[in-house]
Amino acid sequence: MKLLNKYVLTTISDRSFIRELNDGSQRDTWIFVYTRRWRRDNGVLHGFSDRSVRWFKIPVAEILAGEIRPGEDLYLLTASGNFLLFASNTHSGIIAVDLVGKIVTRISSCPLGPRGTSSWRRSGMKLVPDPSSPSHFRFMFAEMVNNRPVLFTYHSNTATWHTKEAEDTTNWVYKENSNVLFLSLSNRPHESTVMSVDDDGSMINRFPAILRPRINQDAIRQCPSSVGFSRNDLESQLLHIHGDEYKVVIRLDTVDNSKMKKMMKRLEVWEISSNGEKWELVSRAPSEVISNKPCGVMMGCLERRVGVIRVALMTNHEGLWNIIWLDYDKQKDKWEWVPLPDCRFLQGSNMAGISFSSGLTFSL
């Protein structure tokens, strides 16, 4: 359009137009899906915004081309703002991509040494863009080291890692809308271990706190529980997806007495209590927003943003992938099914990561 119309060129090149465009985009939530057809494939990134009507093919392979060796095996870990974080299985390292600046950065090895895709837990890490410097970010993850919970933080502006051991607490109190991040350390059927981090930017004022919320055993007595997404989960009746201070518990029923075919029967949102000691039921999704189609493998991600809990579920039935996006507005106690366009790009591909993102900006 720039080439065809001088008026359009003048309008969209104006700084006030770009500023208004980005002010609007800050409210958008995106879901990114990274797929590969074979190991040596460069991979394709697709994105969908809750205010759009189609999937966008994002040229991340072109940005990576000059920095990534041919055949490097990448997996999308997480995304936030203009940044994407990939794990390289080939070199067991982390690669950051700035979509707007078109900059690729290989992050120096973390203090724990090389880590492949299987070492990372989505709910145990957080990517936080720096509000004072759009070209920088902080990457945090929690890990048990010698049976002690440790917070690892990478600062892109200094290209350095910092570590801090978390402390057990007996007087922890959480207030909604406070600037606290939650990183999941371990999840068992009856109890979780979660790290609470005061996100003051510098991470030097207070030590992270350790919470051990428990779930009422009566709530899960009817069936076994699962917390991961390995093949063993296909024999389970409950799936747990963790994110921020929430978790989604999904009840699956077998179809035709088949262990491989499942149908989503119930979906619940639970949150950590204000004192951090237990999981409390927040809401159960009404039947009309739950897919009644059979599903096999299921994985997903969860995030809270401005009082809305967002859940993305990837399902597979007889080789066909599908994505379910659900929003729950806690203040309004309202569930919403976000309609997605046909996901034909998933068919015949291998999943290489899925993530929510918000705060994406544009440069024209």
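Residues numbered from 1 in each chain as written. Predicted model: local features only at pLDDT ≥ 70, side-chain atom pairs only at ≥ 80, totals over all residues. Heavy atoms only, no water.

- As recorded in an unreviewed UniProt entry, the protein goes by F-box associated domain-containing protein and comes from Arabidopsis lyrata subsp. lyrata.

### Thoughts on the overall build of the protein
Then, number 1: Along the protein, the regular secondary structure elements total three helices and 25 strands.
Then, number 2: Of all 364 residues assigned to the protein, the portion counted as buried reaches 53%.
Then, number 3: Look at the contacts in the protein between residues 6 or more apart in sequence, and 52% of them connect residues 24 or more apart.
Then, number 4: Accessible surface, the protein as shown: approximately 18700 Å² in total, 49% of it carbon and sulfur. (Helix = DSSP H or I, 4+ residues; strand = E, 2+ residues; numbered from the N terminus. Buried < 20%, exposed > 50% of the residue type's maximum accessible area, 1.4 Å probe, protein only. Contact = heavy atoms within 4.5 Å. Areas by Shrake-Rupley, 256 points an atom, 1.4 Å probe, with all protein chains shown as cover.)

### So, the sheet that holds strand S15 (residues 209–211)
Then, number 1: Across the sheet, four strands lie side by side as S12-S15-S14-S13; this open sheet has mixed pairing. Edge positions in the open sheet fall to strand S12 (167–168) and strand S13 (180–187), since each of these has one partner strand only.
Then, number 2: When S13 meets strand S14 (residues 192–198), the two strands line up antiparallel, connected through seven bridges. Directly across from Ser186, in S14, lies its bridge partner Thr193. (Pairing = 2+ DSSP bridges.)

### Some thoughts on the environment of Ile210
Then, number 1: Within the secondary structure layout, Ile210 lies in strand S15.
Then, number 2: Put simply, Ile210 and Val197 are 13 residues apart on the chain and 9.1 Å apart in space, counted from C-alpha to C-alpha.
Then, number 3: Those residues in contact with Ile210, other than ones at most four positions away along the chain, are Pro149, Ala166, Glu167, Asp168, Thr169, Leu185, Thr193, Val194 and Met195.

### Quick notes on the sheet that holds strand S21 (residues 298–305)
Then, number 1: In space, the four strands of this open sheet follow the order S21-S22-S23-S24, with antiparallel pairing throughout. Only two strands of the sheet have a single partner each, and these edge strands are S21 and strand S24 (334–337). Going across the sheet, the axis of each strand differs from the next one's by a mean of 20°, ignoring polarity.
Then, number 2: Pairing between S21 and strand S22 (residues 308–317): eight bridges, direction antiparallel. Paired with Cys301 across the bridge in S22 is Ala312. (Axes fitted to C-alpha atoms, helices over the stretch in contact; angles between N-to-C directions.)

### Quick look at the nonpolar core
In globular proteins that are soluble, nonpolar side chains generally tend to be buried together.
Then, number 1: Counting 58 residues, the largest nonpolar core has Leu84, Val97 and Phe139 as the members making the most contacts within it.
Then, number 2: Among residues more than four places away in sequence, those in contact with Leu84 are Phe32, Leu45, Val60, Leu76, Thr78, Ala79, Ile95, Ala96, Val97 and Leu99.
Then, number 3: Counting 22 residues, the second-largest nonpolar core is a separate cluster that includes Tyr246, Val248, Val269 and Trp335. (Core = buried A, V, L, I, M, F, W, Y, C linked by side-chain atoms within 4.5 Å.)

### Brief notes about the environment of Ala65
Then, number 1: Considering the arrangement of structural elements, one finds Ala65 in the loop between helix H3 (60–64) and strand S4 (74–80).
Then, number 2: A C-alpha to C-alpha distance of 9.6 Å links Ala65 and Val104, two positions 39 residues apart in sequence.

### Focus on the pattern of salt bridges
Side chains that differ in sign of charge can pair as their charged atoms come close.
Then, number 1: Summed over the entire model, instances satisfying the criterion amount to 16 salt bridges.
Then, number 2: Salt-bridge contacts for Arg36 lead to Asp73; the nearest nitrogen and oxygen are separated by 3.7 Å. Of this pair, Arg36 sits in strand S1 (residues 29–36) while Asp73 is found in the loop between H3 and S4, placing the two residues 37 residues apart along the sequence. Both residues of the pair, Arg36 and Asp73, belong to the buried class.
Then, number 3: Close ionic contact of Glu271 with Lys330 constitutes a salt bridge, the shortest N to O distance being 2.8 Å. One end of the pair, Glu271, is in strand S18 (residues 258–272); the other, Lys330, is in the loop between strand S23 (320–329) and S24, and 59 residues separate them in sequence. Comparing Glu271 with Lys330, the two get one shared label, buried. (Salt bridge = Lys/Arg side-chain N within 4 Å of Asp/Glu carboxyl O.)

### Points about the packing of aromatic side chains
Then, number 1: Tallied over the full model, the rule gives 18 aromatic pairs.
Then, number 2: Pairwise contacts between aromatic rings join Phe83, Trp120, Phe137, Phe139, Phe141, Phe152, Tyr154 and Trp161 into one cluster.
Then, number 3: For Arg115, the ring lying beneath its charged end belongs to Trp120, and the centroid distance is 4.5 Å.
Then, number 4: Seen from the ring of Phe207, Lys164 lies directly overhead, with NZ or CZ sitting 5.3 Å from the centre. (Phe/Tyr/Trp six-rings, centres within 6.5 Å; stacked < 30°, edge-to-face > 60°. Lys NZ or Arg CZ within 6 Å of the ring centre and 35° of its normal.)

### Points about the side chain of Ser196
Then, number 1: Within the secondary structure, Ser196 sits in strand S14.
Then, number 2: Looking at Ser196, its side chain comes within polar contact range of the side chain of Trp172, at 3.1 Å.
Then, number 3: When sequence neighbours within four positions are dropped, the list of residues in contact with Ser196 reads Trp172, Val180, Leu181, Phe182, Pro208, Ala209 and Leu211. (Polar contact = N/O pair within 3.5 Å; in protein donor to acceptor, adjacent residues only side chain to side chain.)

### Description of the side chain of Glu271
Then, number 1: Classification of Glu271 by relative accessible area gives buried; the value is 14%.
Then, number 2: Reaching out from Glu271, the side chain makes a polar contact with the side chain of Tyr246 at a distance of 3.5 Å.
Then, number 3: At a separation of 2.8 Å, a polar atom in the side chain of Glu271 contacts the side chain of Lys330.
Then, number 4: Among residues more than four places away in sequence, those in contact with Glu271 are Glu245, Tyr246, Lys278, Trp279, Glu280, Val282 and Lys330.

### Some words on the confidence of the model for the protein
Low pLDDT means the predicted atomic positions in that stretch should not be read closely.
Then, number 1: Considering every residue of the protein, the mean pLDDT works out to 81; 83% of them sit at 70 or more.
Then, number 2: Segment residues 221–236: pLDDT under 50, and 33 contacts once partners within four positions in sequence are set aside and those in other chains are kept. (pLDDT = per-residue confidence, 0-100.)

### With respect to the environment of Gly124
Then, number 1: Note on placement: Gly124 falls in the loop between strand S7 (103–107) and strand S8 (125–129).
Then, number 2: Here Gly124 falls in the buried class, since its relative accessible area comes to 2%.
Then, number 3: As a C-alpha pair, Gly124 and Ser186 span 62 residues in sequence and 8.6 Å in three-dimensional space.
Then, number 4: What Gly124 contacts, discounting residues up to four positions off in sequence, is Met140, Phe141, Ala142, Leu183 and Ser184.

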